[in-house]
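Structural description and commentary
Now for the letters of each chain:
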Amino acid sequence: MTSTTSPRPTTSIRPTTSTSEQPDPGGKPWQDQIFGLASNPNDPTQAAIIIGCAAGKPTDISSVALTIDEAIQSEVDPRVYVALARLKDGVELGEYQVTAKCGGKTLSFTFRVIGDEQSGGKTPVLGKPGKGKKNSQIGFTPRGGVETGVGGTA
């Protein structure tokens, strides 16, 4: 007895869209980049560096003016990472760069270290507390509220 089998129908699996092909939240095509520094209004010598990298966790995040912690992935968009930074002691006022590696690309962002108004412009800071002004270091306007945890009290 011989049996014949008919060929099974083949199905094609459509590749999923990579995160780099998905638009950013504003609907624009995604671009790997350092979005900017968001200074801490309570301590303007500290900032969060916001990095977009669809290839995965950015590496070699550095600046001659900043001490930078390891980047942490956003829970909202897996292409976005945040690294906390502090102004190094003895940094002069002026323009500096922060760089990071993303896949095979080097990303960079230029920022300014300015003088704090309360010290007569002599103390270097990354930004000014309160509303953004001409010399503010925030490269974009943050959206949404601050995530502080589950809301429990100590």
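The preceding data block contains the structure.
I will try to describe carefully the structure that is included in this document. (Residues numbered from 1 in each chain as written. Predicted model: local features only at pLDDT ≥ 70, side-chain atom pairs only at ≥ 80, totals over all residues. Heavy atoms only, no water.)

Quick word on the state of the cysteines
Across all of its chains, the model carries 1 disulfide by this definition. At a sulfur-sulfur separation of 2.1 Å, the disulfide partner of Cys53 is Cys102. Here the disulfide of Cys53 and Cys102 is right-handed, its torsion about the S-S bond being about 100°. With Cys53 in the loop between strand S2 (43–52) and strand S3 (59–62) and Cys102 in strand S7 (residues 94–102), this pair connects stretches of sequence that are 49 residues apart. (Disulfide = S-S within 2.5 Å. Helix = DSSP H or I, 4+ residues; strand = E, 2+ residues; numbered from the N terminus.)

Thoughts on the pairing of strand S6 (residues 80–87)
Residues in a regular strand project their side chains so that they alternate between the two faces of the sheet. In terms of strand pairing, S2 meets S6 through 7 bridges, oriented antiparallel. Opposite Ile51, over in S6, you have Tyr81 as the bridge partner. Both strand S4 (residues 66–68) and S6 contribute to a ladder of 3 bridges, which runs antiparallel. By the bridge assignment, Leu66 is partnered in S6 with Leu87. With 2 bridges connecting them, strand S5 (residues 72–73) and S6 associate as antiparallel partners. If you follow Gln73 over to S6, its bridge partner there is Tyr81. (Pairing = 2+ DSSP bridges.)

Thoughts on the packing of aromatic side chains
The full count for this structure, using the stated rule, is 2 aromatic pairs. Aromatic side chains Trp30 and Phe35 sit 6.0 Å apart centroid to centroid with 70° between the ring planes, which places their arrangement in the edge-to-face category. One Lys or Arg, Arg79, reaches over the ring of Trp30 and ends 4.0 Å from the middle of that ring. (Phe/Tyr/Trp six-rings, centres within 6.5 Å; stacked < 30°, edge-to-face > 60°. Lys NZ or Arg CZ within 6 Å of the ring centre and 35° of its normal.)

Quick look at the sheet that holds strand S8 (residues 105–115)
An order of S3-S7-S8-S9 is seen for the 4 strands of this open sheet, with the pairing classed as antiparallel. Edge strands, defined here as strands with exactly one partner in the open sheet, are S3 and strand S9 (124–125). Bridging between S8 and S9 involves 2 bridges; their strand directions are antiparallel. Within S9, the position partnered with Ile114 by the bridge is Val125.

Re the pairing of S2
Burial analysis of S2 places 7 of its 10 residues in the buried class, which makes it a mostly covered element. Bridge analysis of strand S1 (residues 33–40) against S2 gives 7 bridges, and the strand direction is antiparallel. Note that in S2 the partner of Ala38 across the bridge is Ala48. Between S1 and S2, which pair antiparallel one after the other, the connecting turn spans 2 residues. (Buried < 20%, exposed > 50% of the residue type's maximum accessible area, 1.4 Å probe, protein only.)

Here's the deal with the nonpolar core
Membership of the largest hydrophobic core comes to 25 residues, with the highest contact counts inside it found for Leu37, Ile49, Leu66, Val98 and Phe111. When contributions to this core are tallied by element, the ones reaching two or more residues are S1, S2, S4, S6, S7 and S8. Counting 5 residues, the second-largest nonpolar core is a separate cluster that includes Ala38, Ala48, Ile50 and Val80. (Core = buried A, V, L, I, M, F, W, Y, C linked by side-chain atoms within 4.5 Å.)

A look at unusual backbone geometry
Residues other than glycine seldom take positive phi values, yet Asp60 does so here, at roughly 50°. Among the structural elements, Asp60 can be located in strand S3. The exposure class assigned to Asp60 is exposed, which follows from its relative accessible area of 54%.

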